[in-house]
Amino acid sequence: MLLIRRFEEKAGQMYGMGLIGGFCHLYIGQEAVVVGMQMCLKPGDQVITGYRDHGHMLAAGMDARGVMAELTGRRGGYSKGKGGSMHMFSIEKGFYGGHGIVGAQVSLGTGLAFASRYRDNGRVSLTYFGDGAANQGQVYESFNMAALWKLPVVYIVENNKYAMGTSVNRASAQTNFSRRGISFDIPGEQVDGMDVRAVRAAGLRAVEHARSGQGPFILEMLTYRYRGHSMSDPAKYRAKDEVQKMRDERDAVEQVRARLIDNGWASEDGVKKIDAEVRAIVNEAAEFATHDPAPDPSELYTDVLR
């Protein structure tokens, strides 16, 4: 969780310096969701998400150097510097991409689950999408197919309350997204997405449900992003006091730090040491991503279907 937090902070700095171009959607505040869910998986399970994807890559075990180099468009990036923030993949780590089209990954994640069901390999697909994407028609087509064929997929709604910039209360008639599968007979559960323990506990139940042949499950993660929708969003649609209150009272990383120290599981110095180690990883990744060469012009024509 701390790696994701420090990585995203550094990415934000590098974007401000002009080293990262295009879109850049930071995951700061939502770290407990992907870390807790990743703890529920087995080798071979699959993960797919939307454009707020850097945290998912790091949680899946992808190298910080490769992720950051992709952000800066360098040849050492996971997509050889040609994909940028929203388009990275690692089949080795079971990560099937961030996707820039809102809701598109839901159909693809359902397809991953269909392939696993067809092959009877016991794998589960974790398919993430946000509260804004939850109103897309393709989401419900996917729900119907997954329920009909009892596909091994867990749909994870990362409800950070503001979608692209509109409060969920103004955009959704049914704001309890865990209930969105009722008409398809898909069970769902609301989860405190700021508590990694709650995420893991709910995730284990949902993943077991899907893996055991009972079909899809919906988890609504009640979470919060501290930054704007993307780096170009000033986030004027919410009060600064609201953001600060969440940071002070509900921060996912700070909750873990406090528990470690309060229960005597780690000392203040021990936690600072972990932070220093994480910062060193991130700084090294930033250094690599700044000086790695740009892709060769010949790469323009590789990996393109004709």
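Structure's up top.
The structure contained in this document is the topic of the report that follows. Along each chain, residues carry numbers from 1 onward, in the same order as the chain's sequence is written. Given that this is a predicted model, residues contribute local features only at a pLDDT of at least 70 and side-chain atom pairs are listed and counted only at 80 or more, while totals for whole chains, interfaces and linings are drawn from all residues. To obtain the side-chain values, all non-hydrogen atoms of the structure were used and water was disregarded.

## Some words on the overall build of the protein
Applied cut-off: Each helix corresponds to a stretch of at least 4 residues labelled H or I by DSSP, and each strand to a stretch of at least 2 residues labelled E; elements are numbered beginning at the N terminus. This radius of gyration counts C-alpha atoms alone. The globule rule is 2.2 Å times how many residues there are, raised to the power 0.38. To sort residues, take the accessible area from a 1.4 Å probe on protein chains only and compare it with the maximum for the residue type: under 20% means buried, over 50% means exposed, and anything in between is partly exposed. For this analysis, residues touch if any pair of their heavy atoms sits within 4.5 Å. Surface accessibility in these figures is a Shrake-Rupley result with a 1.4 Å probe; residues are shielded only by whichever protein chains are displayed. None of His or the chain ends enter the tally, which takes Lys and Arg as positive and Asp and Glu as negative. Working definition for charges: the position is that of NZ of Lys, CZ of Arg, CG of Asp or CD of Glu.
Along the protein, the regular secondary structure elements total 11 helices and five strands. Relative to the 2.2 N^0.38 estimate, which gives 19 Å for 306 residues, the radius of gyration of the protein is 19 Å and therefore close to what a compact globule would have. Buried residues in the protein amount to 50% of all 306 residues. Considering only residue pairs separated by 6 or more positions, the protein has 74% of its internal contacts joining residues 24 or more positions apart. Summing over all exposed atoms, the protein offers an accessible surface of approximately 14,300 Å²; the carbon and sulfur share of this is 53%. Separation between the mean location of the 37 positive side-chain charges and that of the 36 negative ones in the protein comes to 2 Å.

## Description of helix α8 (residues 196-214)
Side chains that are three or four residues apart share a direction in an α-helix, a result of its 3.6 residues per turn. Defined as follows: Multiplying 1.5 Å by the helix residue count minus one yields the expected span of that helix. Think of the arc as the fan of directions from the helix axis to the C-beta atoms. Counting of polar contacts relies on pairs of N or O atoms within 3.5 Å, with two restrictions inside protein: one atom must be capable of donating a hydrogen and the other of accepting it, and residues adjacent in sequence are counted only when both atoms are side-chain atoms.
For α8, with 19 residues, the first-to-last C-alpha span of 25 Å sits near the 27 Å given by 1.5 Å per residue. Those residues of α8 that sit buried are V196, V199, A202, G203, A206, V207, H209 and A210. Looking straight down α8, one finds that the buried residues subtend no more than 155 degrees of arc, so they occupy a single side. In this fold, the buried residues of α8 make contact with α2 (31-38), β2 (125-130), β3 (153-159), β4 (188-192), β5 (217-222) and α10 (252-262). For α8, the N-terminal capping position is held by D195, with its side-chain oxygen 2.9 Å away from the main-chain nitrogen of R197. Looking at the residues trailing α8, positive phi occurs at G215, about 100 degrees.

## Concerning a nonpolar patch on the surface
Which entries qualify depends on this criterion: Patch membership is restricted to residues that have no salt bridge and whose relative accessible area is over 30%. Joining uses 9 Å for like charges and 5 Å for the nonpolar side chains Val, Leu, Ile, Met, Phe, Trp and Tyr. In the sections that follow, a salt bridge refers to a side-chain nitrogen of Lys or Arg positioned within 4 Å of a carboxyl oxygen of Asp or Glu.
Together, F114, Y118, M145, L148 and W149 line one region of the surface with nonpolar side chains, adding up to about 590 Å² of accessible area. Elements with a minimum of two residues in the nonpolar patch: α5 (104-119) and α6 (137-148). One can find W149 in the loop between α6 and β3.

## With respect to the environment of R227
Relative to the assigned elements, R227 resides in the loop between β5 and α9 (240-250). Relative accessible area serves as the criterion here: at 30%, R227 is assigned to the partly exposed category. Contact partners of R227, with chain neighbours within four places excluded, come to L26, I28 and R238.

## So, the nonpolar core
In plain terms, the rule: For our purposes a nonpolar core is just a set of buried Ala, Val, Leu, Ile, Met, Phe, Trp, Tyr and Cys residues, chained together by side-chain atoms within 4.5 Å.
Formed by 57 residues in total, the largest nonpolar core has its most connected members in M37, L126, V154 and L219. Broken down by element, this core gets its largest block of residues, six residues, from α8. Residues contacting M37, with those up to four places away along its chain left out, are L126, Y128, I156, V199, G203, V207, L219 and M221. Counting 17 residues, the second largest nonpolar core, distinct from the first, contains F129, V139, V153 and F184.

## Overview of the sheet that holds strand β1 (residues 46-48)
Threshold: Two strands are counted as paired when DSSP detects at least two bridges linking them. The convention used is that axes are lines fitted to C-alpha atoms, helices contributing only their stretch in contact, and that angles between N-to-C directions extend from 0 to 180 degrees.
The strand order across the open sheet built from five strands is β1-β2-β3-β5-β4, with neighbouring strands paired in parallel fashion. With partners counted over all chains shown, the strands left at the sheet margins are β1 and β4, one partner each. Across the sheet, the axes of successive neighbouring strands diverge by a mean angle of 20 degrees, strand direction being ignored. Relative to β3, β2 runs parallel, the two being bridged by six bridges. If you follow F129 over to β3, its bridge partner there is V157.

## Remarks on helix α11 (residues 268-291)
Counted at 1.5 Å a residue, the expected span for α11 with its 24 residues is 34 Å, and the 35 Å between its end C-alpha atoms agrees. Buried within α11 we find V271, D275, V278, V282, A285, A286 and A289. Where α11 is buried, its residues meet α1 (2-16), α4 (64-71) and α10.

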